[in-house]
Amino acid sequence: MNKQSKPLSRFLVLIVVLLVIIIVGVTFSIDATKINALFEKFPIGYAALIFVLLYTLGTFALWTLKEPLKVIGAILFGAYISTGLIYIAELINGVVFFKLSRLLGKDFVERKVGGGFKKFYQKLEGIRLLKVMFLRANPLIPYRVFDVGLGLSRISWRKFLLAIGVASLPRIFWLQFPLAAMRGFSVEKMLDYFEQNMAIAVGMFVYIIVVSAIPFFIKQKRDRIG
């Protein structure tokens, strides 16, 4: 195998892995009651350890497991502890997917990117840490899209690690707090909760607006300075 074909082969492996994860997630159904029953069999300390392991390993192959685990974690451990447990698991998964996409896909993308995208791709190496943090904190951007996308870019490993280390915590707590208060999730529970806690509803809305808008303001400011 020549040097030109190796990046392509690795990139194809990455595509296959991602496709398998997507297909498995869509194909297999999840019984949240059985998962919850599993945790109830163990003391809280062991349950917390199992939760992190299941969230880390389980959601790697079965991404649809993530949402039920967030709800179960909020009910079982409360807002603060579930946030910490999910934070640990998301850091591990973030590192794994970043390293995986960087190892298998970055060389191919770097060689093949061209046209107007080449300049944009090259600029990603110098993207500000603050902007990366706000992108990570945005709940509208899926974790894996962020991790894999930055793994394919020129952004430094240190900058990525700092971004997920700082910004993941508020993003996770943003969801776990109301889930713990509602003791689960349903449209009815959500509407009732926000009706009774309008300040929290407004705060969550403002959070989304802020983390979505600030990266654009950072770009505009940088363009004016440049």
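Scroll up a little and you will see the structure.
The structure presented is a predicted model; accordingly, all values stated were derived computationally and were not measured.

Here's the deal with the pattern of salt bridges
(1) Moving on: Enumeration over the complete set of coordinates arrives at eight salt bridges.
(2) Moving on: The closest approach of N and O atoms between Lys66 and Glu90, which form a salt bridge, is 3.2 Å. In terms of burial, Lys66 and Glu90 fall into one category: buried.
(3) Moving on: We note a salt bridge from Glu110 to Arg154, for which the minimum N-O separation is 2.7 Å. Of this pair, Glu110 sits in helix H4 (residues 66–112) while Arg154 sits in the loop between helix H7 (143–152) and helix H8 (157–182), placing them 44 residues apart in sequence.
(4) Moving on: For Glu110, a relative accessible area of 26% gives the class partly exposed.
(5) Moving on: One connected set of salt bridges, linked through shared partners, spans Lys66, Glu90, Arg136, Arg144 and Asp147.

Some details on the side chain of Ser82
(1) Moving on: Of note, Ser82 is situated in helix H4.
(2) Moving on: Assessed through its relative accessible area of 0%, Ser82 is described here as buried.
(3) Moving on: At 3.2 Å, the side chain of Ser82 and the backbone oxygen of Ala79 are in polar contact.
(4) Moving on: Ignoring anything within four residues of it in the chain, the contact list for Ser82 reads Gly73, Ala74, Phe77 and Gln176.

Some words on the nonpolar core
(1) Moving on: With 26 residues, the main nonpolar core has Val132, Phe146, Leu150, Ile155 and Phe160 as its most contacted residues.
(2) Moving on: Mapped onto this core, the elements with two or more residues apiece are H4, helix H6 (129–137), H7, H8, helix H9 (187–196) and helix H10 (198–225).
(3) Moving on: Among the elements that take part in this core, H8 stands out by supplying eight residues, more than any other.
(4) Moving on: In terms of nonpolar packing, the next biggest core, distinct from the first, is built from 18 residues, Phe39, Tyr55, Ile86 and Ile172 among them.

Looking at the packing of helix H2 (residues 32–40) against H4
(1) Moving on: Between H2 and H4, the shortest axis-to-axis distance is 10 Å and the interhelical angle comes to 40°. Classed by the angle they form, the pair H2 and H4 counts as oblique. Crossing of H2 against H4: the hand is right-handed. Each of Ala32, Ile35, Asn36 and Phe39 in H2 lies in contact with H4, whose residues at this interface are Pro68, Leu69, Ile72 and Leu76.
(2) Moving on: Split by residue class, the contact of H2 with H4 holds seven nonpolar, one polar and no charged.

Some points on the packing of H4 against H8
(1) Moving on: Running from amino to carboxyl end, H4 crosses H8 at an angle of 155°, the nearest separation of the two axes being 9 Å. Judged by the inter-axis angle, H4 sits roughly antiparallel to H8. The hand of the H4/H8 crossing is right-handed.

Observations concerning the environment of Leu130
(1) Moving on: Summarising the element assignment, Leu130 is placed in helix H6.
(2) Moving on: As for Leu130 and Lys159, which are separated by 29 residues in sequence, their C-alpha atoms are 9.6 Å apart.

With respect to the environment of Val17
(1) Moving on: Relative to the elements of secondary structure, Val17 occurs in helix H1 (residues 5–27).
(2) Moving on: Using a relative accessible area of 26% as the deciding quantity, one classes Val17 as partly exposed.
(3) Moving on: In the structure, Val17 is positioned 191 residues away from Ile208 in sequence and 31 Å away in space, judged by C-alpha atoms.

Description of a nonpolar patch on the surface
(1) Moving on: On the surface, a nonpolar cluster with roughly 560 Å² of combined accessible area is contributed by Ile15, Leu19, Ile22, Ile23, Val26 and Trp63.
(2) Moving on: Here Trp63 lies in the loop between helix H3 (44–61) and H4.

Digging into the environment of Asp31
(1) Moving on: Turning to its location among the elements, Asp31 is positioned in the loop between H1 and H2.
(2) Moving on: Remark: the alpha-carbon pair of Asp31 and Tyr80, spanning 49 residues in sequence, is separated by 25 Å.
(3) Moving on: In this structure the side chain of Asp31 is engaged in a polar contact, spanning 2.4 Å, whose partner is the side chain of Thr33.

Calculation criteria
Residues numbered from 1 in each chain as written. Predicted model: local features only at pLDDT ≥ 70, side-chain atom pairs only at ≥ 80, totals over all residues. Heavy atoms only, no water. Salt bridge = Lys/Arg side-chain N within 4 Å of Asp/Glu carboxyl O. Buried < 20%, exposed > 50% of the residue type's maximum accessible area, 1.4 Å probe, protein only. Helix = DSSP H or I, 4+ residues; strand = E, 2+ residues; numbered from the N terminus. Polar contact = N/O pair within 3.5 Å; in protein donor to acceptor, adjacent residues only side chain to side chain. Contact = heavy atoms within 4.5 Å. Core = buried A, V, L, I, M, F, W, Y, C linked by side-chain atoms within 4.5 Å. Axes fitted to C-alpha atoms, helices over the stretch in contact; angles between N-to-C directions. Parallel < 35°, antiparallel > 145°, perpendicular 65-115°, else oblique. Left-handed = near helix turned anticlockwise from the far one by under 90°. Nonpolar A, V, L, I, M, F, W, Y, C, P; charged D, E, K, R; others polar. Patch = residues over 30% accessible without salt bridge, like charges linked within 9 Å, V, L, I, M, F, W, Y side chains within 5 Å. Areas by Shrake-Rupley, 256 points an atom, 1.4 Å probe, with all protein chains shown as cover.

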